[in-house]
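Read off the chains here:
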Amino acid sequence: GENVEQHPSTLSVQEGDSAVIKCTYSDSASNYFPWYKQELGKRPQLIIDIRSNVGEKKDQRIAVTLNKTAKHFSLHITETQPEDSAVYFCAAGDDMRFGAGTRLTVKP
Amino acid sequence: ETGVTQTPRHLVMGMTNKKSLKCEQHLGHNAMYWYKQSAKKPLELMFVYNFKEQTENNSVPSRFSPECPNSSHLFLHLHTLQPEDSALYLCASSQDHRRGPGLSQDTQYFGPGTRLTVL
């Protein structure tokens, strides 16, 4: 099965700075890579995803990059805001293995 | 926010009780999922149903028993649970669930979860 590792486990940035979270996966057949944001006490919500036929996808301040050769994909958040503070999860594989999560704190 | 609903939102039960969690999706999806989310652990996939058929059971103990009467409803029946089963149980749905090389998954939409405490 798939094995997904996510780093860092915690990330603290100043408002306006960029944040980058990286996930590595083991199954080269994986071809769908979503990122979820989970605010305290709320459900995980999809914020962006990428499929293996593209290398990068962007949606306003959020972008995801995929390197299939190296088997890793990253979430990039630019111009961070306090409301970006949450736990972010990546996932990969047929059986949707989730990473352990990254707790992002954006300091005003 | 109302695409996937779960009841109850909170549940406290003793180890000898029997209870059920309910999930309903209003998105016209064909696949439904149960996940367990514990503190300091990744989201763990428990069960997958696609077109009412169970397609995955990730080595979940038999004290958890899923039921999917139709594509819109999913239940998780609980009996003789242990305190370590205390967690947030999340339901999700997606258009379909595909397995195999070259097949891409669909986006999953999560419900709000049931916070379960086993005493």
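Residues numbered from 1 in each chain as written. Chains lettered and ligands numbered in written order. Predicted model: local features only at pLDDT ≥ 70, side-chain atom pairs only at ≥ 80, totals over all residues. Heavy atoms only, no water.

Remarks on the overall build of chain A
Step number 1: Looking only at helices and strands, chain A features 0 helices and 11 strands.
Step number 2: Along chain A, from the amino end to the carboxyl end, the secondary structure elements read β-β-β-β-β-β-β-β-β-β-β.
Step number 3: Taking 108 residues into account, the globule formula puts the C-alpha radius of gyration at 13 Å, and chain A, at 13 Å, falls close to it.
Step number 4: Seen through its C-alpha atoms, chain A measures out along the principal axes to roughly 40 × 25 × 20 Å.
Step number 5: A total of 108 residues make up chain A; the buried ones form 47% of that total.
Step number 6: Sequence-distant contacts in chain A: of pairs separated by 6 or more residues, those separated by 24 or more amount to 53%.
Step number 7: Of the charged side chains in chain A, 13 are positive and 14 negative; the average position of the first set lies 2 Å away from that of the second. (Helix = DSSP H or I, 4+ residues; strand = E, 2+ residues; numbered from the N terminus. Rg over C-alpha atoms; globule rule 2.2 N^0.38 Å. Buried < 20%, exposed > 50% of the residue type's maximum accessible area, 1.4 Å probe, protein only. Contact = heavy atoms within 4.5 Å. Lys, Arg positive; Asp, Glu negative; His and termini not counted. Charge placed at Lys NZ, Arg CZ, Asp CG, Glu CD.)

A few points about the sheet that holds strand β3 (residues 19–25) of chain A
The strands that make up a sheet are held in pairs by hydrogen bonds between backbone atoms, and each pair lies either parallel or antiparallel.
Residues and elements named next belong to chain A.
Step number 1: With respect to topology, 5 strands assemble into an open sheet ordered β1-β3-β8-β7-β6, the strand pairing being antiparallel. Single-partner strands in this sheet number two, and they are β1 (4–7) and β6 (56–59). Between one strand axis and the next, the sheet turns through 15° on average, direction left out of account.
Step number 2: Sheet topology note: the β1/β3 ladder contains 4 bridges and is antiparallel. Pairing of His7 across the sheet is with Lys22, part of β3. (Pairing = 2+ DSSP bridges. Axes fitted to C-alpha atoms, helices over the stretch in contact; angles between N-to-C directions.)

Quick notes on the confidence of the model for chain A
Step number 1: In this model, chain A carries a mean pLDDT of 93, and residues with pLDDT of at least 70 account for 100%.
Step number 2: Per-element averaging of pLDDT across chain A places strand β10 (residues 97–98) of chain A at the bottom with 89 and strand β2 (residues 10–14) of chain A at the top with 98. (pLDDT = per-residue confidence, 0-100.)

Focus on the packing of aromatic side chains
Step number 1: This model, assessed by the stated rule, comprises 12 aromatic pairs over all chains.
Step number 2: Taking the centre distance of 6.1 Å and the plane angle of 55° together, the rings of Tyr25 of chain A and Phe73 of chain A count as tilted. Placement of the pair is Tyr25 of chain A in strand β3 and Phe73 of chain A in strand β8 (residues 72–77), with a sequence separation of 48 residues. An identical accessibility class is assigned to Tyr25 of chain A and Phe73 of chain A; each is buried.
Step number 3: Pairing Trp35 of chain A with Phe73 of chain A gives two aromatic rings, centres 5.6 Å apart and planes at 65°, and the pair type is edge-to-face. With Trp35 of chain A in strand β4 (residues 32–38) and Phe73 of chain A in strand β8, the pair connects residues that are 38 residues apart, well separated along the chain. Each member of the pair, Trp35 of chain A as well as Phe73 of chain A, is classed as buried.
Step number 4: Pairwise contacts between aromatic rings join Tyr36, Phe89 and Phe98 of chain A together with Tyr33, Tyr35 and Phe110 of chain B into one cluster. (Phe/Tyr/Trp six-rings, centres within 6.5 Å; stacked < 30°, edge-to-face > 60°.)

Topic: the layout of surface pockets
Step number 1: Quantified by volume, the largest pocket comes out at close to 770 Å³.
Step number 2: Contributing to the lining of the largest pocket are 30 residues, with Gln38, Val87, Phe89 and Arg103 of chain A together with Gln37 of chain B lying nearest its centre.
Step number 3: Those elements giving two or more residues to the lining of the largest pocket turn out to be β9 (86–92) and β11 (102–107) of chain A together with β9 (87–94) of chain B.
Step number 4: Top element by residues in the lining of the largest pocket is β11 of chain A. It accounts for 4 residues.
Step number 5: For the lining of the largest pocket, the per-class residue count stands at 10 nonpolar, 13 polar and 7 charged. (1 Å grid on protein atoms, 1.4 Å probe; cavity = no way out; pocket = protein on both sides within 12 Å on 5 of 7 lines; lining within 4 Å. Points joined across faces, edges and corners; volume = space filled by probe spheres on them. Nonpolar A, V, L, I, M, F, W, Y, C, P; charged D, E, K, R; others polar.)

Considerations on the state of the cysteines
Step number 1: For the structure shown, the criterion picks out 2 disulfides over all chains.
Step number 2: A sulfur-sulfur distance of 1.9 Å marks the disulfide that ties Cys23 of chain A to Cys90 of chain A. Taking the sign of the torsion about the S-S bond as the criterion, the disulfide between Cys23 of chain A and Cys90 of chain A, at about -90°, is left-handed. Note that Cys23 of chain A is positioned in strand β3 and Cys90 of chain A in strand β9, a separation of 67 residues in sequence.
Step number 3: Disulfide pairing places Cys23 of chain B opposite Cys91 of chain B at an S-S distance of 1.9 Å. Because the torsion about its S-S bond is -75°, the bridge between Cys23 of chain B and Cys91 of chain B counts as left-handed. Taken together, the positions of Cys23 of chain B in strand β3 (residues 18–25) and Cys91 of chain B in strand β9 put the pair 68 residues apart, joining distant regions of the chain.
Step number 4: Residue class for Cys23 of chain B comes out buried when judged on its relative accessible area of 0%.
Step number 5: A residue is classified by how much of its surface remains accessible, and Cys91 of chain B, at 0% relative accessible area, is buried. (Disulfide = S-S within 2.5 Å.)

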